Amino acid sequence: MRNLALATADSVTLDTGSTAWMLISAALVLLMTPALALFYGGMNRSKSVLNMMMMSFGALGLVGVIYVLWGYSMSFGSNDVGGFFANPFTNFGLREVMYDAGGEFALMASGIPTVVFVAFQLTFAVLTVALISGSLSDRVKFSTWLVFAGVFVTLVYFPLAHMVWGGGVLSADGWFAGGEGDAAYGPIDFAGGTVVHINAGMAGLVLAILTGRRLGFGKTPMRPHNVPLTMLGAGLLWFGWFGFNSGSELAADGTAGLVWVNTTAATCAAMLGWLAVERIRDGHATSIGAASGVVAGLVAITPACAALTPVGSLALGVVAGGLCALAVGLKYRLGYDDSLDVVGVHLVAGLWGTIAIGLLGSETGLLYGHGLRQLGIQTAVALIAMVYTGVLTAIIGVVLAKTMGWRIHADDEVAGIDQAVHAESAYELASFGAGSRIPRRSTAPAGREAAGARHHDEEEVTA
């Protein structure tokens, strides 16, 4: 994504084609959060699918409000604070952002209205927070999650977005800017390898360690309850990702087309790479593997999608798929419970995609004869993003653990977080065939019935 500090030019005229494309892109990226809810929900157990989906929808509601109030001002506002964030009060509530001095909609250098860019960036903030939820399945309080989402997006996401995309210290104009004769060199994160995926993956790792493992982790099978739901979510994520990546060009032009092709190429290759590892290692190529490989490829190509050739994208993707297929097993060896593999997919693929630009970038990559400089820059930026997110997430997580607490009661976790937290279940059996056991009906007063139901698993149908 181009570095954008909000400056507009009087000579810029409205580009209706690019504006239409950016509105579509914003809608596509917004779709990605409900798609993520489907993807994560299908991989969960049936007794906790609604809570998993509500974590995404809760992030959508909360972050959407915060972004309008102070999120955009902190990310792209006009008053920079040391290159780390912009003043949250300068453009609070989008003040002095949407209109120019003449009362017309302000335009950006690409010819799109600033308000359209606001809409596009809002969806990125929402999705980043929602991604983290996959590491916390089955076991955390919804109220604590919402408080975390608000604090995290304010203290971690908005500053990192400013540092990378808003002209801050990790942008092309910051610490690693190229000197004279080296203008082509500088940090590259076209659509969110650091800001979105390394950020979310590192936060997920910290919270998975901090909140502890699910009851029965490593002992009790915790299989996906609805694989078609997960595959539907993966398909919708892929569809929305074209807005995510191609939309980050902020124009309807040839670069957006190249990004589209590179995104598709890398994703297809990553799916095949994941399936190949499964087939060699386990003897089976699975549907969950295909869906996960799709996401791994999408994550990896996100920062690199405008810097690679289509052939380079194929190489990036196949490595990402195989690498993530191997990485998701680390949680069992190292003992952290990353429930839905946010670390194994988003952190690992985000790191690979960000660093691989230094190898495969067609204009600055090592394999194209351009030396080690880009590789060093990409590695440094990735490590800085990891440390920044890791430290602040740990602080936020510990404070919330000491004040609100993260874990639900053990009985509620066993019975199912959907009933315990939301008083709902995803699936109600409307009829029972011969040989079925009908769940016992409570004789407790109505006010106690829901509470009592939390302490019993659903009885299995034996027909």
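For the structure, see preceding data.
Only a predicted model underlies this, so the values are computations on that prediction, with no experimental measurement involved.

1. With respect to the overall build of the protein chain
Reasoning step 1: Counting its secondary structure elements, the protein chain contains 15 helices and two strands.
Reasoning step 2: Looking at the protein chain as a whole, 54% of its 463 residues are labelled buried.
Reasoning step 3: Contacts in the protein chain between residues far apart in sequence, at least 24 positions, make up 78% of those at least 6 positions apart.
Reasoning step 4: Carbon and sulfur atoms make up 65% of the accessible area of the protein chain, which amounts to about 18,700 Å² in all.

2. Here's the deal with unusual backbone geometry
Reasoning step 1: Even without being glycine, Leu94 reaches a positive phi, approximately 65°.
Reasoning step 2: Among the secondary structure elements, Leu94 is positioned in the loop between β2 (85-86) and α3 (114-132).
Reasoning step 3: The phi angle at Asp341 is positive, at roughly 65°, despite the residue not being glycine.
Reasoning step 4: By secondary structure assignment, the location of Asp341 is in the loop between α10 (330-334) and α11 (342-360).

3. A closer look at the pattern of salt bridges
Reasoning step 1: Following the criterion strictly, the structure yields seven salt bridges and no others.
Reasoning step 2: Measuring nitrogen to oxygen at the nearest pair gives 3.6 Å for the salt bridge that ties Arg214 to Asp138. On the criterion of sequence distance, the pair formed by Arg214 in the loop between α5 (193-211) and α6 (227-246) and Asp138 in the loop between α3 and α4 (142-165) is long-range, its members being 76 residues apart. The residues Arg214 and Asp138 share a single accessibility class, namely buried.
Reasoning step 3: With its nearest N and O atoms 2.9 Å apart, the salt bridge here joins Asp341 to Lys331. Linking Asp341 in the loop between α10 and α11 with Lys331 in helix α10, this pair joins segments that are 10 residues apart in sequence. For the pair Asp341 and Lys331, a shared accessibility class is recorded, and that class is buried.

4. As for the side chain of Thr267
Reasoning step 1: By the element assignment, Thr267 lies in helix α7 (residues 254-282).
Reasoning step 2: At 2.6 Å, the side chain of Thr267 and the backbone oxygen of Thr263 are in polar contact.

5. Thoughts on the nonpolar core
Reasoning step 1: Of all hydrophobic cores here, the largest spans 117 residues; its most connected members are Tyr40, Phe124, Phe148, Tyr157, Trp165 and Phe244.
Reasoning step 2: Sorting elements by how many residues they give to this core places α4 first, with 14 residues.
Reasoning step 3: Here Tyr157 is in contact with Gln121, Phe124, Ala125, Thr128, Phe152, Trp165, Val195 and Asn199, once residues within four sequence places are set aside.
Reasoning step 4: Among the nonpolar cores identified, the runner-up in size contains five residues, and Ala37, Leu38, Val49 and Leu229 belong to it.

6. Brief notes about α4
Reasoning step 1: If you look at α4, its biggest bend is around 40°, right at Val153.
Reasoning step 2: Of all 24 residues making up α4, 19 are buried, and the element is well covered by its neighbours.
Reasoning step 3: A positive phi of about 85° marks Gly167, the residue just after α4.

7. Topic: the packing of aromatic side chains
Reasoning step 1: Counted under the stated rule, the structure contains 19 aromatic pairs.
Reasoning step 2: Ring geometry for Tyr67 versus Phe158: centroids 5.7 Å apart, planes at 65°, classification edge-to-face. Highlighted residues: Tyr67 in helix α2 (residues 49-76) and Phe158 in helix α4, separated in sequence by 91 residues. The burial state of Tyr67 is the same as that of Phe158; both residues are buried.
Reasoning step 3: Seen in terms of ring centroids, Phe217 and Tyr332 are 5.5 Å apart; in terms of plane orientation they differ by 5°. Their pairing is stacked. Taken together, the residues Phe217 in the loop between α5 and α6 and Tyr332 in helix α10 connect sequence positions 115 residues apart.
Reasoning step 4: Relative accessible area serves as the criterion here: at 11%, Phe217 is assigned to the buried category.
Reasoning step 5: Classification of Tyr332 by relative accessible area gives exposed; the value is 54%.
Reasoning step 6: An aromatic cluster is present here, built from Tyr67, Tyr72, Phe76, Phe117, Tyr157 and Phe158 joined pairwise through their rings.

8. A word on the environment of Thr90
Reasoning step 1: Relative to the helices and strands, Thr90 resides in the loop between β2 and α3.
Reasoning step 2: Sequence spacing of Thr90 and Asn79 is 11 residues, and the spatial spacing of their C-alpha atoms is 6.6 Å.
Reasoning step 3: The contact partners of Thr90, leaving out residues within four places of it in the chain, are Ser73, Ser78, Asn79 and Arg95.

9. Observations regarding helix α12 (residues 373-403)
Reasoning step 1: The end-to-end C-alpha distance of α12 is 45 Å, a good match for the 45 Å that 31 residues give at a rise of 1.5 Å each.
Reasoning step 2: Positive backbone phi, at 85°, marks Gly405, one or two positions downstream of α12.

10. Focus on the packing of α4 against α12
Reasoning step 1: The geometry of α4 relative to α12 is characterised by a closest axis approach of 10 Å and an angle of 155° between their N-to-C directions. In terms of their interaxial angle, α4 and α12 are classed as roughly antiparallel. By crossing handedness, the relation of α4 to α12 is classed as right-handed. Where α4 abuts α12, its residues Thr144, Val147, Phe148, Val151, Phe152, Leu155, Val156, Pro159, Leu160 and Met163 lie against Ala385, Tyr388, Thr389, Leu392, Thr393, Ile396 and Leu400.
Reasoning step 2: Per-class residue counts for the contact of α4 with α12 are 14 nonpolar, three polar and no charged.

Cut-offs and rules
- Residues numbered from 1 in each chain as written.
- Predicted model: local features only at pLDDT ≥ 70, side-chain atom pairs only at ≥ 80, totals over all residues.
- Heavy atoms only, no water.
- Helix = DSSP H or I, 4+ residues; strand = E, 2+ residues; numbered from the N terminus.
- Buried < 20%, exposed > 50% of the residue type's maximum accessible area, 1.4 Å probe, protein only.
- Contact = heavy atoms within 4.5 Å.
- Areas by Shrake-Rupley, 256 points an atom, 1.4 Å probe, with all protein chains shown as cover.
- Salt bridge = Lys/Arg side-chain N within 4 Å of Asp/Glu carboxyl O.
- Polar contact = N/O pair within 3.5 Å; in protein donor to acceptor, adjacent residues only side chain to side chain.
- Core = buried A, V, L, I, M, F, W, Y, C linked by side-chain atoms within 4.5 Å.
- Bend = angle between axes of the 7 residues up to and from the residue.
- Phe/Tyr/Trp six-rings, centres within 6.5 Å; stacked < 30°, edge-to-face > 60°.
- Expected span 1.5 Å × (residues − 1).
- Axes fitted to C-alpha atoms, helices over the stretch in contact; angles between N-to-C directions.
- Parallel < 35°, antiparallel > 145°, perpendicular 65-115°, else oblique.
- Left-handed = near helix turned anticlockwise from the far one by under 90°.
- Nonpolar A, V, L, I, M, F, W, Y, C, P; charged D, E, K, R; others polar.

Take it as geometry only, folks, not as evidence of what the structure does.
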